[in-house]
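# Examination of the molecular architecture
Listed below are the residues making up each chain.
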Amino acid sequence: MCSTIHKNKSYSCFSVQAAELTSLGTRLTATESKTSDLEKENADLQTRLSSSESRIDQLERENAEKPKVAFYTALTDDGRVGPYNTDITLKYSKVFTNIGNAYNPSTGFFTAPVKGVYNLQFTVFGYNAGSTGVYVYKNNQRIMGDWDNNYNMSQKYFTKSLVLELKAGDEIHPVLPSGHSIFDNSNNHSTFSGSLLFTL
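Attention here is on the structure that accompanies the text. Sequence order as written defines residue numbering, which begins from 1 separately in each chain. Local features are withheld for residues below a pLDDT of 70 in this predicted model, meaning they are given only at 70 or higher, and side-chain atom pairs are given and counted only at 80 or more; totals for whole chains, interfaces and linings count all residues. Here the side-chain values reflect all heavy atoms present in the structure, with hydrogen atoms and water set aside.

Further remarks concern the packing of aromatic side chains. Pairs were defined over the aromatic rings of Phe, Tyr and Trp, the Trp ring being its six-membered one, requiring ring centres within 6.5 Å. Orientation was assigned from the angle between planes: stacked under 30 degrees, edge-to-face over 60, tilted for the rest. Under the criterion given, the structure shown has nine aromatic pairs. Relative to Phe-183, the ring of Phe-125 lies with its centre 5.7 Å away and its plane at 75°, an arrangement referred to as edge-to-face. Of the two residues, Phe-125 is situated in strand β7 (residues 116–127) and Phe-183 in strand β12 (residues 182–184); the sequence distance between them amounts to 58 residues. Grouping residues by exposure puts Phe-125 and Phe-183 together as buried. Lying across the ring of Tyr-135, Arg-142 places its NZ or CZ 3.6 Å from the centre. Helix and strand assignments follow DSSP, with helices taken as H or I runs no shorter than four residues and strands as E runs no shorter than two, numbered in order from the N terminus. Residue burial is assigned from relative accessible area. The probe radius is 1.4 Å, only protein chains are included, and a residue is buried under 20% of its type maximum, exposed over 50%, and partly exposed in between. By the criterion adopted, a ring carries a charge over it if an Arg CZ or a Lys NZ lies within 6 Å of its centre and within 35 degrees of its normal.

A word on the pattern of salt bridges. When a carboxyl oxygen of Asp or Glu is within 4 Å of a side-chain nitrogen of Lys or Arg, the pair counts as a salt bridge. A full pass over the atoms with the stated rule returns four salt bridges. One salt bridge connects Asp-77 with Lys-94, and the closest N-O pair in it is separated by 2.6 Å. In this pair, Asp-77 is assigned in the loop between β1 (70–74) and β2 (79–81) and Lys-94 in strand β4 (residues 94–99), connecting sequence segments 17 residues apart. On the basis of relative accessible area, Lys-94 is assigned to the buried category, the value being 14%.

Quick look at the pairing of β7 now. With respect to burial, β7 is a largely interior element, nine of its twelve residues being buried. Think of it this way: DSSP has to see at least two bridges between two strands before they count as a pair. Where β7 and strand β10 (residues 155–166) come together, twelve bridges link them in antiparallel fashion. Bridge assignment links Val-117 to a residue of β10, and that residue is Glu-165. Both β7 and strand β13 (residues 191–199) contribute to a ladder of eight bridges, which runs antiparallel. Within β13, the residue paired with Gly-116 across the bridge is Thr-199.

Once that is clear, we can look at the nonpolar core. Residues grouped as a nonpolar core are buried Ala, Val, Leu, Ile, Met, Phe, Trp, Tyr and Cys residues, joined through side-chain atoms within 4.5 Å. Membership of the largest hydrophobic core comes to 26 residues, with the highest contact counts inside it found for Phe-110, Ile-172, Ile-182 and Phe-192. Only β7, β8 (131–138), β10, β11 (171–176) and β13 provide two or more residues apiece to this core. Residues count as neighbours in contact if any of their non-hydrogen atoms are within 4.5 Å of one another. For Ile-172, the residues in contact, after removing those within four places along its chain, are Gly-108, Phe-109, Phe-110, Leu-120, Val-136, Tyr-137, Lys-138, Ile-143, Leu-164, Leu-166 and Phe-192.

Before going further, it helps to spend a moment on the sheet that holds β7. Pairing is antiparallel across the open sheet formed by five strands, whose spatial order is β4-β1-β13-β7-β10. The open sheet has two free edges, formed respectively by β4 and β10, since each of these has just one partner strand. Mean inter-strand twist for the sheet, computed between neighbouring axes without regard to direction, equals 10°. Note: β1 against β4, five bridges, orientation antiparallel. Counterpart to Tyr-72 in the pairing with β4 is Thr-97. With axes taken as lines fitted to C-alpha atoms, and helix axes fitted only over the stretch in contact, angles between N-to-C directions fall between 0 and 180 degrees.

Another aspect to go through is a nonpolar patch on the surface. Residues enter patches when their relative accessible area tops 30% and they take part in no salt bridge; the joining distance is 9 Å for like charges and 5 Å for the nonpolar side chains Val, Leu, Ile, Met, Phe, Trp and Tyr. All accessibility values rest on the Shrake-Rupley procedure with a 1.4 Å probe; residue burial counts only the protein chains present in the view. A surface patch of nonpolar side chains, amounting to about 400 Å² of accessible area, comprises Val-163, Leu-197, Phe-198 and Leu-200. In this structure Phe-198 comes out as partly exposed when scored by relative accessible area, which is 44%.

Next up on the list: the environment of Phe-158. In this fold, Phe-158 is placed in strand β10. Sequence-wise, Phe-158 and Val-124 are 34 residues apart; in three dimensions their C-alpha atoms are separated by 5.5 Å.

Encoded structure:
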């Protein structure tokens, strides 16, 4: 700082002080400007965060509102079913998963609760039987049939998958063809399962 009181030095002292004040003012202005910029950035980040949180909430609500359908069943613990002299609906009585309650073990029918695309799968096991097989019906129309002859009385497996567009209320049920048998026990060899892939 300036400490002299000589007249010929007073102007120089005041000039230094003025320069220092100007420098401080400039630095203060720059700091205030930077603070303002940071506050704007922070406000922008807060807005973006709030928007993201709102979008997450919306997606969670939409996901919660989407229908959820999935089931997995096995046929019986009683061993061989069939052969019979007429076709019979197979009632898969052991229900392990039935999200949406679209499968009815009392009837053997799966009923689509919403319009959408569904994946359905059947595993059929034949044991010590001449012929084993299954038909699959959509409403009253047969849409799939498969069977295998097992004349050497050994074990036979086959699995079939279907991807179907179904309307709400459409019914799917498996049928044991006349003259054929199917086997299941506590190992759950013969199963029927499905799930909703997406709605339409």
